[in-house]
Structures are given as C-alpha cells and as structure tokens.
Amino acid sequence: ASDEQYVKVMGEWMYKLTAMDSDTGHVYDFCVATKEEFNQEFVKNFLKPLVEEFNIKVVVTDGDNMYPAVLDELGVEHQLCVSHFMQNLCKKDNR
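Conventions and cut-offs
Throughout, residues of each chain are indexed from 1 in the direction in which the sequence is written. Predicted model: local features are reported for residues with pLDDT of at least 70 only, side-chain atom pairs are reported and counted for 80 or more only, and whole-chain, interface and lining totals are derived from all residues. Only heavy atoms go into the side-chain values, all of them from the structure, while hydrogens and water stay out. One side-chain nitrogen of Lys or Arg within 4 Å of one carboxyl oxygen of Asp or Glu is enough to make a salt bridge. Helix and strand definitions here come from DSSP, where helices need a minimum of 4 consecutive H or I residues and strands a minimum of 2 consecutive E residues; each element is numbered from the N-terminal end. Strands are treated as partners if at least two bridges between them are detected by DSSP. In this description, a nonpolar core means a group of buried Ala, Val, Leu, Ile, Met, Phe, Trp, Tyr and Cys residues linked to one another through side-chain atoms lying within 4.5 Å. For every residue, the accessible area obtained with a 1.4 Å probe (protein chains only) is divided by the maximum for its type, and the residue is called buried under 20%, exposed over 50%, and partly exposed between those limits. The contact rule is simple, with two residues in contact once any of their heavy atoms fall within 4.5 Å. Lines are fitted to the C-alpha atoms to define the axes, a helix being fitted only along its stretch in contact, and any angle between axes, read from their N-to-C directions, falls within 0 to 180 degrees. Aromatic contacts are taken between Phe, Tyr and Trp rings whose centres are within 6.5 Å, Trp giving its six-membered ring; a plane angle under 30 degrees counts as stacked, one over 60 as edge-to-face, and the others as tilted.

Next up on the list: the pattern of salt bridges. If you walk through the whole model with that rule in mind, you get two salt bridges. Across the pair Lys44 and Glu73 runs a salt bridge whose closest N-O atoms are separated by 2.7 Å. With Lys44 in helix α1 (residues 40-54) and Glu73 in helix α2 (residues 67-74), this residue pair connects regions lying 29 residues apart in the sequence. A single network of salt bridges, built from pairs that share partners, joins Glu41, Lys44 and Glu73.

Given below as structure tokens:
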C-alpha cells in the first residue's frame, strides 16, 4: 500500500509518503516532500526502488489521481482501497 499524509514538520506543512505491506503492516519506507516537490515524478522515484527490491506486483492506494499513471509506468497493478473509496462517496453525498 502507498499512502500520503499532509503533516507538519518543524513548523512546515509537508507530504509524508509511506509504502507498507497491507497484510503485515510492515513499513518498507517513507519520505517527506514539500508541496512543490510532491508530484508524479517524486512518487515514481520513491516507489521504483521498492517495487524492484521487494518484487511488488500490486499497490493499493487511496485513489489519488497520480497513482494510476505512475504504477502503470512501473508495471504494477493498481488497486483502490475500498475504505477510501467509500469515504470519498460519503463526502460527495454530503455536499
């Protein structure tokens, strides 16, 4: 799984990107990026060595629109996290 969070680091808001095993909860790696740095290229550069080292075939995400293109480029199947999908549906219903 790959997830991004918006966190405050030393007074500055940054994106924290985490790659973890959905089954075991083991965190493979994480990194932080400024809003300006956080883009498809950044995500690809973060995930590529992990995909290669751990032979990852499927990545589950929250549905951010940058993931399908990145994962397709890396040759990895993309799956949408059902709970995030349901949360997004509920948010749309409450507008």
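To continue, consider the pairing of strand β3 (residues 27-33). Looking at chain direction, strand β2 (residues 12-20) and β3 are connected through six bridges and run antiparallel. Along β3, the bridge assignment pairs Lys16 with Val32. Linking two consecutive strands that pair antiparallel, namely β2 and β3, is a turn of six residues; a positive phi of about 85° is found at Gly25 within it.

Nonpolar side chains in soluble globular proteins generally cluster together in the buried interior. Grouped together as the largest cluster of nonpolar side chains are 18 residues, with contacts concentrated most on Leu17, Val43, Phe46, Leu47 and Val76. Residue assignment for this core shows that the elements contributing at least two residues are β2, β3, α1 and α2. Element by element, the count of residues in this core is highest for α1, at five residues. The residues contacting Leu17, other than those within four sequence positions of it, are Ser2, Asp3, Glu4, Asp29, Phe30, Cys31, Phe38, Phe42, Val43, Phe46 and Tyr67.

The next subject is the sheet that holds strand β1 (residues 2-9). Read from one edge of the open sheet, three strands run β1-β2-β3, paired in antiparallel fashion. Edge positions in the open sheet fall to β1 and β3, since each of these has one partner strand only. Here the average twist between neighbouring strands, direction ignored, is 25°. Bridge count between β1 and β2: eight bridges; the pairing is antiparallel. In the sheet register, Val9 faces β2, and the bridge partner there is Glu12. Packed on one face of the sheet, α1 meets β1, β2 and β3 and runs near 165° to β3.

Overall, the coordinates contain five aromatic pairs when judged by the stated rule. Taken together, a centroid distance of 4.4 Å and an interplanar angle of 10° make the contact between Tyr15 and Phe38 stacked. Taken together, the residues span a long stretch of sequence, with Tyr15 in strand β2 and Phe38 in the loop between β3 and α1 at a distance of 23 residues. Among the residues examined, Tyr15 registers a relative accessible area of 21% and is labelled partly exposed.

Function-wise, these values are silent; they only describe arrangement.
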